[in-house]
Each structure stands twice: as structure tokens, then as C-alpha cells.
Amino acid sequence: MGRAPAAGALAGPLRAQSRRAFWRSAGGRRHAQAAGQAGVHPPFADRPVFVLAPAIAMFTMLMAFVVVPFAPGFPLADLNIGLLFFLAMSSLAVYAVLLGGYASNNKYALLGALRSAAQTLSYEVFMGLSLLGVVLQAGSFSLGAIVEAQRGLWFCIPQFLGMVLFFIAGIAESHRLPFDLPEAEHELTAGFHTEYSGMKFGMFFVGEYLGVILISALMTTLFFGGWLGPLLPPWLWFLLKTALFVSLFVLLRASLPRPRYDQLMALGWKCLLPLALLNLTVTGLVLL
């Protein structure tokens, strides 16, 4: 009698696997593992650009981490324009999506790439404006100097509106739910990476998840005192704060519905832009 539940538990997955194998053979489709690490190159794609696009997506996100200060004196590059360098690298990431969608020679991929370009460029404007209040209060574009300027008071209090605007723009920049419209599967199959498989598909998603960690690290650095905190080592404070925001990204994915694309763009230009300008104006008046 004890063997019956075990047999039933095995029968379900085996039946599902055999059914999918039958559908695959009947439709002439290749097995997922047949693509291998190199993936499948569509015969109609522009091969050099098709291969280059996912590498750009991962490279730009990795480069942006160069200026993030994890602890006192421990950014890989302590630039006095570190914040501008971050904005530059995040802006370059849109080329990966555009090139990937264009080189795929697929209408769904191209539509997803065009959506991504419009979304990223639009929310890049609001992201930059939301950070100008922090720059005015810290008096520097250096991320290390911004952290040091928060020893008396974290910028999440005087720059609360800027923090909210930056977080919303960060979600849109990293294409995470509810703003993952460039790859909305209910409309565009898989968006700009429809034709990708193997490690090239994986590199797109490595870049996407690196973007989530990067936005979380910047939230920590710009608004929550970076490595500052009592008792614990500075690097541990930084990791704990960053992990908190990464968890918030995960919770948002399971909590909020996906808006329409026109609603997303209207939110940016009709709501976030006036609020960002208001935050910048009020900060300037207070400091004067």
C-alpha cells in the first residue's frame, strides 16, 4: 500500500514529460537542451550584432559597479563624477536591447526593442532629475562624498520625494515587474529576446538582475547612508541595506499588476517629471 503514493507521484512528471516529447516530435521542434551553451542562431538574424547585444547588456551593468563604494575607501574607482558615470553606463544599456531586437529580424523582438528604448530614455530623464537634489545637498557627484555627507542625516528624509522617484525610475530602467513591458509575454511573446537561447539568453538576464542589484546599491548609497551604521562592519551594513531593496524588488514582482504601455509613459511624463522638477526647485530654494 505504501508504494502506491510513490508510484502516483512519479507518474505525473513522467506523463507530462512524455506528452511534451510527443508534441515536440510532432511539431518538429528541437529539445531545449539541444541548443547547448552557444544557443541557436536564427538563419535570418544579423549574426555579429546578434552575438554582441547580450555582451553589451552585461558589460554596461558590470562597469557601473566600478564606482559603487562598498566601504570607506573601497570603490574600484573613486571618481569625482561617479554619479554621472553610473547614469552614462545605465544609458548605454539601451543599445543592447535595441541591437538585440533589430538583429533578431523578428517583429515581436523589434517591437520589444522599440518599447525598451522609449521606456529607458524617458525614465532616464526622471532618474537624473531625481538625483539632483542629492547632488545639491552633498555638493559633489562623488558617491563616496555623498555617503560622507549623510553622517548627520540620511538623505531619505530630506529627499524623500527624490528617493521615491529614483526607485520608480529604477524599476523601469531594469525592466522589472510591473514595468517589464519590453518583454511582456502576453503581448510580445518574449519581447526583444524572443530569438535568443543558450548563454546569450542568459547574459541578457544576468545584465537584468545585475541592474536590480545596482539600483538597490545606489538606493543604499544615495539615500540610506551607504556603509554608515553602528556596531557592524561598514561592508556588512552596505550588504544588509542592499539586500533589503533587492527583496523589495522581488516582492513588487508578486504584488503589482502590469500597466498598459501608454499608462506607463503617461505616468512618467505627466506625473514623475513635474514631481522631479518640483523636488529640484524646492531643494534649491531651501539651500539658498
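Residues numbered from 1 in each chain as written. Predicted model: local features only at pLDDT ≥ 70, side-chain atom pairs only at ≥ 80, totals over all residues. Heavy atoms only, no water.

A. Just unusual backbone geometry, in detail. Its identity is not glycine, yet Leu231 carries a phi of approximately 70°, on the positive side. Mapped onto the secondary structure, Leu231 falls in the loop between helix 8 (198-223) and helix 9 (234-255). (Helix = DSSP H or I, 4+ residues; strand = E, 2+ residues; numbered from the N terminus.)

B. Region of the structure containing the pattern of salt bridges. Inspection of the entire model under this criterion finds 1 salt bridge. As a salt-bridge pair, Glu148 and Arg151 come within 2.6 Å of each other at their nearest N and O atoms. On the basis of relative accessible area, Glu148 is assigned to the partly exposed category, the value being 35%. (Salt bridge = Lys/Arg side-chain N within 4 Å of Asp/Glu carboxyl O. Buried < 20%, exposed > 50% of the residue type's maximum accessible area, 1.4 Å probe, protein only.)

C. Spatial organisation of a nonpolar patch on the surface. Taken together, the side chains of Tyr102, Leu110, Leu111 and Leu114 define a hydrophobic patch exposed on the protein surface, amounting to about 420 Å² of accessible area. Top contributing element to the nonpolar patch by residue count: helix 4 (residues 107-138), with 3 residues. Inspection of the secondary structure puts Leu110 in helix 4. The class for Leu110 is partly exposed, based on a relative accessible area of 38%. (Patch = residues over 30% accessible without salt bridge, like charges linked within 9 Å, V, L, I, M, F, W, Y side chains within 5 Å. Areas by Shrake-Rupley, 256 points an atom, 1.4 Å probe, with all protein chains shown as cover.)

D. Representation of the confidence of the model for the protein chain. Looking at the protein chain, the pLDDT average stands at 80 and 82% of residues meet or exceed 70. Mean pLDDT values for the elements of the protein chain range from 54 in helix 7 (residues 185-188) up to 89 in helix 5 (residues 143-148). Segment residues 4-9: pLDDT under 50, and 0 contacts once partners within four positions in sequence are set aside and those in other chains are kept. (pLDDT = per-residue confidence, 0-100. Contact = heavy atoms within 4.5 Å.)

E. Structural view of the packing of helix 8 against helix 9. Where helix 8 meets helix 9, the axes come as close as 8 Å, and the angle between the chain directions of the two elements is 125°. Compared by their axis directions, helix 8 and helix 9 come out oblique. For the crossing formed where helix 8 meets helix 9, the hand is right-handed. Residues Val212, Ile213, Ile215, Ser216, Ala217, Met219, Thr220 and Thr221 of helix 8 touch helix 9, and the partners they reach there are Phe238, Lys241, Thr242, Phe245, Val246 and Phe249. Looking at side-chain class alone, the contact of helix 8 with helix 9 contains 9 nonpolar, 4 polar and 1 charged residues. (Axes fitted to C-alpha atoms, helices over the stretch in contact; angles between N-to-C directions. Parallel < 35°, antiparallel > 145°, perpendicular 65-115°, else oblique. Left-handed = near helix turned anticlockwise from the far one by under 90°. Nonpolar A, V, L, I, M, F, W, Y, C, P; charged D, E, K, R; others polar.)

F. Inspection of the packing of helix 2 (residues 47-64) against helix 8 at higher detail. Between helix 2 and helix 8, whose axes approach to 8 Å, the crossing angle comes to 20°. The angle between helix 2 and helix 8 places the two elements in the roughly parallel class. When you trace helix 2 past helix 8, the crossing you get is left-handed. Judged by residue contacts, Phe50, Val51, Ala53, Pro54, Ala55, Ala57, Met58, Met61, Leu62 and Ala64 of helix 2 engage Lys200, Met203, Phe204, Val206, Gly207, Leu210, Gly211 and Leu214 from helix 8. Grouping the amino acids of the contact of helix 2 with helix 8 by side-chain chemistry returns 15 nonpolar, 2 polar and 1 charged.

G. Structural view of the packing of aromatic side chains. Applying the stated criterion across every chain yields a total of 8 aromatic pairs. Here the aromatic rings of Tyr123 and Phe126 are separated by 5.2 Å at their centres, their planes lie at 80°, and the arrangement is edge-to-face. Taken together, the residues span about one helical turn, with Tyr123 and Phe126 both in helix 4 at a distance of 3 residues. Grouping residues by exposure puts Tyr123 and Phe126 together as buried. Taking 5.1 Å as the distance between ring centres and 80° as the angle between the ring planes, the aromatic pair formed by Phe126 and Trp269 counts as edge-to-face. (Phe/Tyr/Trp six-rings, centres within 6.5 Å; stacked < 30°, edge-to-face > 60°.)

H. A look at the nonpolar core. Of all hydrophobic cores here, the largest spans 49 residues; its most connected members are Leu83, Phe86, Phe166, Leu218, Met219, Leu222 and Phe223. Contributing elements (two or more residues each) for this core: helix 2, helix 3 (82-103), helix 4, helix 5, helix 6 (160-173), helix 8, helix 9 and helix 10 (261-287). Here this core takes 9 residues from helix 8, the largest share from any one element. The residues touching Leu83, leaving out its near neighbours within four places in the chain, are Leu131, Val135, Phe141, Leu143, Ile146, Leu218 and Leu222. Of all hydrophobic cores here, the second largest spans 12 residues; its members include Ala45, Ile56, Ala96 and Phe204. (Core = buried A, V, L, I, M, F, W, Y, C linked by side-chain atoms within 4.5 Å.)

I. Structural detail: helix 2. Here helix 2 is 18 residues long and its end C-alpha atoms lie 27 Å apart, about the 26 Å a rise of 1.5 Å per residue gives. Buried within helix 2 we find Phe50, Ala53, Pro54, Ile56, Ala57, Thr60, Met61 and Ala64. Contact partners of the buried residues in helix 2: helix 3 and helix 8. (Expected span 1.5 Å × (residues − 1).)

J. Layout of helix 6. With 14 residues, helix 6 should reach 20 Å at 1.5 Å per residue; the first-to-last C-alpha distance of 20 Å fits that figure. Of all 14 residues in helix 6, 10 are buried; the element is thus mostly enclosed. Turning to helix 6, its buried residues number three or more, namely Gly162, Met163, Leu165, Phe166, Phe167, Ala169, Gly170, Ile171, Ala172 and Glu173. The secondary structure elements touched by the buried residues of helix 6 are helix 3, helix 4, helix 8, helix 9 and helix 10. Where helix 6 terminates, the next one or two residues include His175, which has phi positive at roughly 60°.

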